[in-house]
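One-letter residues, chain by chain:
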Amino acid sequence: MSTDSQSTLAANCSRQELMAAYLARDLEDGERLQVGVGLPVPEAAVRLAHLMHGPNMELIFLGARMNVGYLEQIPMPEFGWDRRVVRWSESFSDRGHRFDQVKDWGNRVFFVGGIQVDPHGNTNLIGVGDDYKKLRFRGPGSVGTPTLTTYVGRYYIVLNTHTARTFVPKCDFISTVGWGDGDPQFRKNLGFPGGGPRYCVTPLCVLDFTENDKRLRLKSVHPGISVDEVCANTGFDLVIPEQVPETPRPSEQQMRVLRERVDPQGRLRDGVPQPSDRPKS
């Protein structure tokens, strides 16, 4: 790759690459990073963080724990768990994911998606509709997310789309409790030991939570996205600060590692909506 092409990598990053790089920067060495199925952006983020600044991180994919020494050799026809990764692992265990065997929950980080998200970060993976017996749309189900999001030190909500159908005033069902009704003590009052959701990262922006009422607040907008566009694609009022910065682009080094070692097949570059075809509602 030439110097000129390298210098334009960050400027031409896809939105999913931007999201992965942002998440990777927020992860710390020594943490245990757990990623479930169907979450390519978080999976790329933890691999990127592990390669760039987290040699002592533990990567846990679908319950298989490993410390991966040679990630660039791992074949990834699709993001997601593939037992061929064991071949290049420094260490591997298929037992450490059992909840009754987990130690040091506070040092564990998790990622969760959602087909609905409400103003306080409660999420729904169950389905859409008034009657659970006759859902209009059935989601993948909660699987282990209620347990993990209750106990881990923090978790991130990472979405593949940002529309008013996803960000709703009230979830039809709650599979993961975020900040409940917005009381900062809500989780503590329920006896939840974990730290709760930190950020919600979408293809349009990064959201965090206000301190007093734990309501979703616009933290940054991605390059080429306006505050008005984010608001138009959200089904409730976000907290909007006076100044909303642009989400930092990946560094050139992050982009090289992403494209050459983490995602050489370009999965994070495929199917990313461009400004002309973003949904408006």
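A few points on the structure. Note that this is a predicted model, so its numbers are computed, not measured. (Residues numbered from 1 in each chain as written. Predicted model: local features only at pLDDT ≥ 70, side-chain atom pairs only at ≥ 80, totals over all residues. Heavy atoms only, no water.)

A few words on the overall build of the chain. The helix and strand tally for the chain stands at seven helices and 13 strands. Per-residue burial over the chain gives 51% buried out of 281 residues. For the chain, contacts bridging at least 24 residues in sequence account for 68% of all contacts bridging at least 6. Total accessible area on the chain is roughly 13,100 Å²; 48% of this is exposed by carbon and sulfur atoms. (Helix = DSSP H or I, 4+ residues; strand = E, 2+ residues; numbered from the N terminus. Buried < 20%, exposed > 50% of the residue type's maximum accessible area, 1.4 Å probe, protein only. Contact = heavy atoms within 4.5 Å. Areas by Shrake-Rupley, 256 points an atom, 1.4 Å probe, with all protein chains shown as cover.)

Moving on: the pairing of strand β12 (residues 205–209). Across the five residues that make up β12, a large majority, five, are buried. Here β12 shows no split at all, with C205, L207 and F209 on one side and V206 and D208 on the other all buried. Between strand β11 (residues 197–201) and β12, which follow one another and run antiparallel, lie three residues. Sheet topology places β12 next to strand β13 (residues 216–221); five bridges connect them, and they run antiparallel. Looking across to β13, one finds that D208 is bridged to R217. Following β12, the chain reverses through six residues before pairing antiparallel with β13; K214 in that reversal takes a positive phi of roughly 50°. (Pairing = 2+ DSSP bridges.)

For V206, the position within the fold is in strand β12. Not counting residues within four places of it along the chain, the set of residues in contact with V206 comprises Y22, Y199, C200, V201, R217, L218, K219, S220, H222 and T247.

Scanning all chains against the criterion turns up five aromatic pairs. Among the aromatic residues, ring-to-ring pairing joins Y22, F111, Y156 and Y199 into one connected group. Above the plane of the ring of W179 lies R187, whose end atom (NZ or CZ) is 5.8 Å from the centre. The ring of W179 carries the charged tip of K214 above its face, separated from the ring centre by 4.3 Å. (Phe/Tyr/Trp six-rings, centres within 6.5 Å; stacked < 30°, edge-to-face > 60°. Lys NZ or Arg CZ within 6 Å of the ring centre and 35° of its normal.)

With that settled, the discussion passes to the nonpolar core. If you look at the biggest cluster of nonpolar residues, it comprises 35 residues, and the most contacted ones within it are L23, L27, V46, F111 and Y156. Among the secondary structure elements, those contributing two or more residues to this core are α2 (15–25), β1 (32–35), α3 (40–52), β2 (58–61), β5 (108–112), β10 (154–158), β11 and α7 (252–262). Contact partners of L23, with chain neighbours within four places excluded, come to V41, A45, F111, Y156, V158 and V201. By size, the runner-up hydrophobic cluster in this structure holds 24 residues, among which are V117, L125, Y155 and C200. (Core = buried A, V, L, I, M, F, W, Y, C linked by side-chain atoms within 4.5 Å.)

Now for α2. Counting buried positions along α2 gives 10 out of 11 residues, so the element sits mostly inside the fold. All of the buried residues in α2 are R15, Q16, E17, L18, M19, A20, A21, Y22, L23 and A24.

With that settled, the discussion passes to the side chain of H162. Mapped onto the elements of the fold, H162 is located in the loop between β10 and α5 (186–189). Judged by relative accessible area, which is 4%, H162 ranks as buried. Within polar-contact distance, the side chain of H162 engages the side chain of T202 at 2.9 Å. Polar side-chain contacts of H162 include one of 2.9 Å to the side chain of T234. Look past the residues within four positions of H162 in its chain and what remains in contact with it is F167, T202, P203, L204, C205, V230, N233 and T234. (Polar contact = N/O pair within 3.5 Å; in protein donor to acceptor, adjacent residues only side chain to side chain.)

All told, the structure shown has eight salt bridges when counted by the stated rule. Of the charged contacts, one joins E58 and R32 as a salt bridge, the two residues approaching to 3.1 Å between their closest N and O atoms. Of this pair, E58 sits in strand β2 while R32 sits in strand β1, and the two are 26 residues apart along the sequence. Note on R32: relative accessible area 21%, which makes it partly exposed. Linked through salt bridges whose partners overlap, the residues forming this network are E17, R259 and R269. (Salt bridge = Lys/Arg side-chain N within 4 Å of Asp/Glu carboxyl O.)

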